[in-house]
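This is what each chain is made of:
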Amino acid sequence: MFSTLRRAVFLRRYPAVISPVKKAFSSKIYDEIDPQIMNIDELNQEMKSIFGEEPSPDGFSGPATMDFSELKSKAESLKSTNPESSDLLSHIEYQKSSKEQPAQVASDLSKLTHVGISGEAQMVDVSSKDNTKRTALASCKVVLGKRVFDLVLANQMGKGDVLGVAKIAGINGAKQTSSLIPLCHNIALTHVRVDLRLNPEDFSVDIEGEASCTGKTGVEMEAMTAVSVAGLTVYDMCKAASKDISITDVRLERKTGGKSGYWSRGE
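This write-up is about the structure you can find in this document. Predicted, not measured: the structure shown is a model, and the values here were computed from it.

The next point concerns the pairing of strand β3 (residues 204–215). Counting buried residues along β3, ten of its twelve residues qualify, which places the element largely inside the surrounding structure. Strand direction decides the pairing type here: strand β1 (residues 132–143) and β3, joined by twelve bridges, are antiparallel. If you follow Val 142 over to β3, its bridge partner there is Val 205. As defined by bridge partners, strand β2 (residues 189–199) adjoins β3 across ten bridges and the pair is classed as antiparallel. By the bridge assignment, Val 194 is partnered in β3 with Gly 209. As consecutive antiparallel partners, β2 and β3 are separated by four residues, and within that stretch Phe 203 has a phi angle of approximately 55°, a positive value.

See below:
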């Protein structure tokens, strides 16, 4: 069968060559040619029965290009009877829209101030902004548990004054924010306040941090870094007594100044 198909494909491609050769042969030679290839029409019918359609001029069957609209309609008709066909439909939609995506992504990236046009991180240029008075207030909670809470309250921790050391650590953390967070500007802070209060209701330490400056960018990150470092310091001072201490609810509470003006949580 394979030999017959090869001969058939050859004859379909070169019918003009076979015809003159056929006439040139003597009747004896003509009669000796394999009878299976003498009837071209019969072989064509056999090819159609095997492949289902006429071969294309290049020897391959089927359409030269993919018609997405026709494939999509077929996928939609299958979707009602076969849920897995929805993956095919999604793939078709992706292929149709993929050429439009690069331009859209570039447009979206241009709106992000910390992302360059090719997607790389960058530091924002704030030279064109006005100098304004800016403040930010942040908070967090360190849950100690009753036993550790009692030790801190009595100032009996092995490392000493937990709240005093954490307060200084928080202030120092605010001043080091630009060294810790890569894209933060180095801000000349005019004031940093860190307060820690023992809360007997849930045996925790409530920490509040405030930062201020007069400049071109806000101090939200400085305030949040202050309470985060203070919370970590409380953990470090108390970890010998318990490993079950948790630091929670690090968040900005309020900010003022800049283009966006005043903002407060819950208002």
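From this point, things continue past the structure.
Glancing now at the sheet that holds β1. Taken in spatial order, the five strands of this open sheet run β2-β3-β1-β4-β5, and their pairing is antiparallel. Here the strands that pair on one side only, and so sit at the sheet edges, are β2 and β5 (263–264). Note: β1 against strand β4 (residues 246–256), eight bridges, orientation antiparallel. Bridge pairing links Thr 135 to Thr 256 in β4. Set on the sheet, helix α9 (residues 162–175) makes contact with β2 and β3; between it and β2 the angle comes to about 150°.

With that out of the way, let us pick up the packing of α9 against helix α11 (residues 220–238). Viewed as axis vectors pointing N to C, α9 and α11 meet at an angle of 145°, and their least axial separation amounts to 7 Å. Remark: the crossing between α9 and α11 carries right-handed chirality. Here α9 contributes Val 162, Val 165, Ala 166, Ala 169, Gly 170, Gly 173 and Ala 174 to the contact with α11, which in turn contributes Glu 222, Thr 225, Ala 226, Val 229, Ala 230, Thr 233, Val 234, Met 237 and Cys 238.

What follows deals with a nonpolar patch on the surface. Residues Leu 232, Ile 247 and Val 250 make up a contiguous nonpolar surface patch of roughly 230 Å² in combined accessible area. Tracing the chain through its elements places Ile 247 in strand β4.

A full pass over the atoms with the stated rule returns twelve salt bridges. Ionic pairing is found between Asp 195 and Arg 193, a salt bridge with its closest N-O pair at 2.5 Å. Note on Asp 195: relative accessible area 33%, which makes it partly exposed. Judged by relative accessible area, which is 22%, Arg 193 ranks as partly exposed. Asp 236 is the salt-bridge partner of Lys 239, the closest N and O atoms lying 3.2 Å from each other. When its relative accessible area of 31% is taken as the criterion, Asp 236 is described as partly exposed. A single salt-bridge network, built from bridges that share partners, covers Lys 167, Arg 193, Asp 195, Glu 208 and Glu 210.

Rules behind the numbers
Residues numbered from 1 in each chain as written. Predicted model: local features only at pLDDT ≥ 70, side-chain atom pairs only at ≥ 80, totals over all residues. Heavy atoms only, no water. Buried < 20%, exposed > 50% of the residue type's maximum accessible area, 1.4 Å probe, protein only. Helix = DSSP H or I, 4+ residues; strand = E, 2+ residues; numbered from the N terminus. Pairing = 2+ DSSP bridges. Contact = heavy atoms within 4.5 Å. Axes fitted to C-alpha atoms, helices over the stretch in contact; angles between N-to-C directions. Left-handed = near helix turned anticlockwise from the far one by under 90°. Patch = residues over 30% accessible without salt bridge, like charges linked within 9 Å, V, L, I, M, F, W, Y side chains within 5 Å. Areas by Shrake-Rupley, 256 points an atom, 1.4 Å probe, with all protein chains shown as cover. Salt bridge = Lys/Arg side-chain N within 4 Å of Asp/Glu carboxyl O.

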